[in-house]
Amino acid sequence: MKFTITTLGCKVNQNESETISSALEQSGWFSADKNEKAETCIINTCTVTQKAAMQSRQAIRQAIRSNPDARIIVTGCYAQTEPEELKKIQGVHEIVGHAQKHELADMILSSKHDTLPSSARAYINNISKEQLFRQMPVMSSGNRTRPFLKIQDGCNSFCTYCIVPYARGKSRSMFPDDVLDNILHLSKLGYNEIVLTGIHLGSYGLDIRPETSLLSLLKQIDDLKPINRLRLSSIEPHELTNEMINLIAKSNIICPHFHIPLQSGDDTVLNRMRRPYTASNFSDLILNIHKAIPDAAIGADILIGFPGETDQAFEHTYSLVKNLPMTYLHVFPFSPRKGTPAYSYPDHIQPDIIKERCAKMRSLGKSKKRSFYKAAVNKTVGVLIEGKRDRETNFLKGITPNYISVLTDGKDELMNTLLKVKIDKLLNDNAVFGILAGKGKRF
């Protein structure tokens with residue numbers, strides 16, 4: 001039996017897709033090549049923006065056209081929030097919500113000989129009532145050199161623009177012992193780095209009794225050192241404490257890489273977004289990180305065009321980011337999501353103005369990244385070489401602890417290893433070239 005799995009959206013979705021894929025492969029299924037027909041097609045959808053929802057529908061229709069005889073299964077956030085819309089797409093057979101997502105591989109395996117239903121069957125529970133973290137079995141992650149490990153799901157924040165809490169439910173966490181066991185398992189499989197991820201990673205452990213925290217978990221991992229490198233995905237500004245920064249500054253396994261959602265640098269906009277910090281709070285945080293870890297990579301999410309974002313409000317955001325030691329930016333246009341408070345807010349910004357502001361902010365992000373990469377030239381760093389070569393140059397490619405993409409010349413046997421590399425020159429806005437200096441675990 002052959003299958004395909006198409007993934008849209010965040011790192012959590014990517015992790016869940018990899019887990020489903022691994023479970024099927026462990027049971028003797030094969031991932032279909034690009035031009036092969038599949039018996040089962042899974043589309044793991046996203047709905048964080050209107051564009052993501054549209055792309056999810058497009059991916060579903062493409063799977064149906066390419067595999068007319070296949071079982072079509074749709075899961076993910078769009079499946080959870082809009083099952084009735086999916087039922088209208090002829091050719092969809094199953095719609096699986098997040099509460100059943102951890103059972104999806106078993107559902108597929110048990111139904112492989114079933115007759116295809118004439119209309120879509122929906123398996124959707126009220127996600128807001130979910131109380132437990134549903135752990136999906138951690139196996140290998142295919143060709144990924146740095147697998148994601150989802151340790152938290154859901155969100156309690158309900159920012160006024162965000163559909164995710166409605167799609168993912170309340171915050172739920174993996175027990176600390178399970179986290180440590182899974183990290184050790186991945187290390188034994190040969191992985192040198194994992195990325196801890198979640199929908200709201202900073203709220204990790206607050207639902208567990210006795211209550212724990214992300215900081216407590218990181219201290220345990222740093223003490224035990226079950227893997228060579230550990231990286232954090234996105235963490236909210238008000239949850240990144242000085243104690244956590246100092247821990248990462250001293251650690252030789254936790255990567256000095258912080259991805260921090262700013263969204264806006266204007267206090268009025270932040271208040272309307274229901275974001276629990278000010279521009280001044282964010283500025284202090286970034287300066288504290290830079291002081292403690294001068295070489296740390298600091299990225300941010302910026303949401304452009306929120307209702308009521310005046311020219312002055314945008315300039316507040318632009319000026320704030322321009323004057324801080326940031327490394328890169330992920331810039332998104334505001335997308336009204338039905339069911340969120342901001343959907344009905346007045347004072348929507350014209351699309352052409354949003355487009356212009358996004359371009360200006362992205363240009364700033366590009367300049368910041370180039371400067372950060374340029375400052376790394378002549379430094380010797382640890383690089384985790386990936387399992388695939390760079391498509392354009394055919395060089396080996398890898399990543400430093402502080403999230404710099406490095407290309408280097410070497411043999412295939414160096415893939416999936418940690419190496420010491422001296423950064424020789426800036427290649428372009430997205431990569432540097434380095435010269436091998438020898439193997440260097442935990443460098």
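Structure: above.
Throughout, residues of each chain are indexed from 1 in the direction in which the sequence is written. Only residues with pLDDT of at least 70 are given local features in this predicted model, and only at 80 or more are side-chain atom pairs given and counted; all residues enter the totals for whole chains, interfaces and linings. Heavy atoms throughout the structure, all of them, feed into the side-chain values; hydrogens and water do not.

Undergrad: What is the right way to read the environment of Y318 from this model?
TA: By the secondary structure assignment, Y318 is in helix α13 (residues 311-322). On the basis of relative accessible area, Y318 is assigned to the buried category, the value being 15%. Separated by 39 residues in sequence, Y318 and R357 have C-alpha atoms that sit 9.2 Å apart. We call two residues in contact whenever any of their non-hydrogen atoms come within 4.5 Å of each other. Those residues in contact with Y318 that sit more than four places away from it in its chain are K360, M361 and L364. Each helix is a run of DSSP H or I of at least 4 residues and each strand a run of E of at least 2, with the numbering of both proceeding from the N terminus. Each residue gets one of three labels from its accessible area relative to the maximum for its type: buried under 20%, exposed over 50%, partly exposed in between, using a 1.4 Å probe on protein chains only.

Undergrad: Would you take a moment to explain the packing of helix α8 (residues 176-188) against helix α9 (residues 214-224) for this structure?
TA: Two measures define how a pair of helices packs: the angle their axes make with one another and the distance between the axes. Axis lines are fitted to C-alpha atoms, over the contacting stretch for helices. Their N-to-C directions set the angle, which ranges from 0 to 180 degrees. Across the interface, α8 lies against α9 with an axial gap of 11 Å and an inter-helix angle of 40°. Relative to α9, α8 is oriented so that their crossing is right-handed. Of the residues in α9, those in contact with P176, V179, L180 and I183 of α8 are L217, Q220, I221 and L224. By residue class, the composition of the contact of α8 with α9 is seven nonpolar, one polar and no charged. Each crossing gets its handedness from the near helix: less than a right angle anticlockwise from the far helix is left-handed, clockwise is right-handed. Here the term charged refers only to Asp, Glu, Lys and Arg, the term nonpolar to Ala, Val, Leu, Ile, Met, Phe, Trp, Tyr, Cys and Pro, and the term polar to all other amino acids, Gly among them.

Undergrad: Explain the nonpolar core to me, please; I cannot follow it from the model alone.
TA: Looking at soluble globular proteins, one finds that nonpolar side chains tend to be buried together. Among buried residues, those of type Ala, Val, Leu, Ile, Met, Phe, Trp, Tyr and Cys that are joined through side-chain atoms within 4.5 Å constitute a nonpolar core. In terms of nonpolar packing, the biggest core is built from 60 residues, with I151 and L196 touching the most fellow members. Residue contacts for I151: discarding those within four places in its chain leaves F133, R172, S173, M174, V179, L196, T197, L201, Y204, L214 and L217. Counting 22 residues, the second-largest nonpolar core is a separate cluster that includes I43, A79, I89 and A120.

Undergrad: Would you explain the packing of aromatic side chains in this entry?
TA: The geometry of two aromatic rings is summed up by the distance between their centres and the angle between their planes. Two aromatic rings, drawn from Phe, Tyr or Trp (for Trp, its six-membered ring), form a pair once their centres lie within 6.5 Å of each other, and the interplanar angle then sorts them: stacked below 30 degrees, edge-to-face above 60, tilted otherwise. Evaluated as defined, the whole model comprises seven aromatic pairs. Residues F158 and Y166 carry aromatic rings whose centres are separated by 5.2 Å and whose planes lie at 80° to one another, so their mutual orientation is edge-to-face. Residue classification places Y166 among the partly exposed positions, given a relative accessible area of 35%. Measuring from ring centre to ring centre gives 5.7 Å for Y328 and Y403, while their planes differ by 45°; the resulting arrangement is tilted. Linking Y328 in strand β13 (residues 328-333) with Y403 in the loop between β15 (396-399) and β16 (405-408), this pair joins segments that are 75 residues apart in sequence. On the basis of relative accessibility, which here comes to 9%, the residue Y328 falls in the buried class. An aromatic cluster of at least three residues, connected via ring pairs, comprises Y161, F306, F334 and Y345. Positioned above the aromatic ring of Y318 is the side chain of K360, whose terminal nitrogen or guanidinium carbon lies 4.5 Å from the ring centre. The side chain of K425 reaches across the aromatic face of F433, ending 5.9 Å from its centre. For a Lys NZ or an Arg CZ to count as sitting over a ring, it must be within 6 Å of the ring centre and within 35 degrees of the ring normal.

Undergrad: How should the sheet that holds strand β10 (residues 229-232) be read in this particular structure?
TA: The pairing criterion for strands is at least two bridges between them, as found by DSSP. If you trace the four strands from one edge of the open sheet to the other, you get β8-β7-β9-β10, paired in mixed fashion. Each end of this open sheet is capped by a strand with a single partner; those strands are β8 (172-173) and β10. Direction of pairing for strand β7 (residues 148-153) relative to strand β9 (residues 193-198): parallel, over a ladder of four bridges. Directly across from Q152, in β9, lies its bridge partner G198.

Undergrad: What is the right way to look at the pattern of salt bridges in this model?
TA: Two side chains of opposite charge can pair, provided their charged atoms sit close to one another. We define a salt bridge as a contact between a side-chain nitrogen of Lys or Arg and a carboxyl oxygen of Asp or Glu at a distance within 4 Å. Under the criterion given, the structure shown has 25 salt bridges. K150 is the salt-bridge partner of E16, the closest N and O atoms lying 2.7 Å from each other. Of the two residues, E16 sits in helix α1 (residues 11-26) while K150 sits in strand β7, which places them 134 residues apart along the sequence. You'll find E16 and K150 in the same group, each marked buried. Here R357 makes a salt bridge to E309, at a shortest N to O gap of 2.8 Å. Here the residue R357 occupies a position in helix α14 (residues 351-375), and E309 occupies one in the loop between β12 (297-304) and α13, the gap between them amounting to 48 residues.

Undergrad: Sorry if this is basic, but what is going on with the packing of α9 against helix α10 (residues 242-250) here?
TA: Following both chains from N to C, one finds α9 and α10 inclined at 15°, their axes separated by 10 Å at the closest point. Taken together, the axes of α9 and α10 are roughly parallel relative to one another. Relative to α10, the crossing made by α9 is left-handed. Taking contact as the criterion, the partners of L214, L215, L218, K219 and D222 in α9 are, on α10, E243, M244 and L247. The scheme is simple: roughly parallel for angles under 35 degrees, roughly antiparallel for over 145, roughly perpendicular for 65 to 115, oblique for anything else.

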